[in-house]
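Chain and residue survey
For reference, the chains in residue letters:
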Amino acid sequence: MYLSHPVRRMREDPVEGERVTLVVTAASERSVEDLETAIEDTGVRVTKRFQFGALRVELVQERIDDLCALGGIESVETANTVGVGGDAGEDV
């Protein structure tokens, strides 16, 4: 499983109570629906489903380890890294 550098840092040294938004991409052997259910079963909130098997999740940094312990994840990155916020001027 690929973890972006910021996610690795937060996993190793989480800031207690600090919330983070991540994008989790399912590995090909696991369906997005199954992964979404497994994530929510850990108490992590899935806030959006993207194309190509990606889910946006919100959690406190201390829960990143629980999230990474799930099978069937291809990658975990910060939402800003993958640009899910959008930029009004980028298509101009």
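Residues numbered from 1 in each chain as written. Predicted model: local features only at pLDDT ≥ 70, side-chain atom pairs only at ≥ 80, totals over all residues. Heavy atoms only, no water.

Quick notes on the overall build of the protein
As a reminder of what qualifies: In DSSP terms, a helix is any run of H or I states spanning at least four residues, a strand is any run of E spanning at least two, and both are numbered starting from the N terminus. In this scheme, a residue with accessible area under 20% of its type's maximum is buried, one over 50% is exposed, and one in between is partly exposed, where area comes from a 1.4 Å probe on protein chains only. In what follows, a contact means two residues having at least one pair of non-hydrogen atoms within 4.5 Å. Only the protein chains shown count as cover for residues, and all accessible areas are computed by the Shrake-Rupley method using a 1.4 Å probe.
When helices and strands are tallied, the protein shows three helices and five strands. If you list the helices and strands of the protein from N to C, you get β-α-β-α-β-β-α-β. Evaluated residue by residue, the protein yields a buried proportion of 40% over its 92 residues. Contacts in the protein between residues at least 24 apart in sequence constitute 69% of all its contacts with a sequence separation of at least 6. Surface accessibility of the protein: about 5,600 Å² in total, with carbon and sulfur atoms responsible for 43%.

Describing helix H2 (residues 32-41)
This is how it is decided: What the arc covers is the set of directions going from the helix axis to the C-beta atoms.
For H2, the full list of buried residues reads Val 32, Leu 35, Glu 36, Ala 38 and Ile 39. The buried residues of H2 occupy one face: seen down the axis, they fall within an arc of 165°. Each element contacted by the buried residues of H2 is listed here: strand S2 (19-26), strand S3 (45-49), strand S4 (54-60), helix H3 (64-68) and strand S5 (73-78). With its phi angle positive at about 95°, Gly 43 sits one or two positions after the end of H2.

Let's talk about the pairing of S5
Quick note on the threshold: Should DSSP find at least two bridges between two strands, the strands are taken to pair.
Counting buried residues along S5, five of its six residues qualify, which places the element largely inside the surrounding structure. The pairing of strand S1 (residues 2-3) with S5 spans two bridges and is classified as parallel. Bridge pairing in S5 places Leu 3 opposite Val 76. Inspection of the sheet shows S2 paired to S5 by five bridges, in the antiparallel sense. In the strand pairing of S5, Val 23 is matched with Glu 77.

A short note on the nonpolar core
Looking at soluble globular proteins, one finds that nonpolar side chains tend to be buried together. This is how it is decided: To qualify as a nonpolar core, a set must consist of buried Ala, Val, Leu, Ile, Met, Phe, Trp, Tyr and Cys residues joined through side-chain atoms within 4.5 Å.
Membership of the largest hydrophobic core comes to 22 residues, with the highest contact counts inside it found for Leu 22, Val 24, Ile 39, Val 57, Ile 64, Leu 67 and Val 76. Listing elements by their share of this core, those giving two or more residues are helix H1 (5-12), S2, H2, S4, H3 and S5. Residues contacting Ile 64, with those up to four places away along its chain left out, are Val 7, Met 10, Arg 11, Val 20, Leu 22 and Leu 59.

A short note on the environment of Ser 75
Relative to the helices and strands, Ser 75 is located in strand S5. Sequence separation between Ser 75 and Leu 3 is 72 residues; the distance between their C-alpha atoms is 5.8 Å. Excluding residues that lie within four positions of it along the chain, Ser 75 makes contacts with Tyr 2, Val 23, Val 24 and Thr 25.

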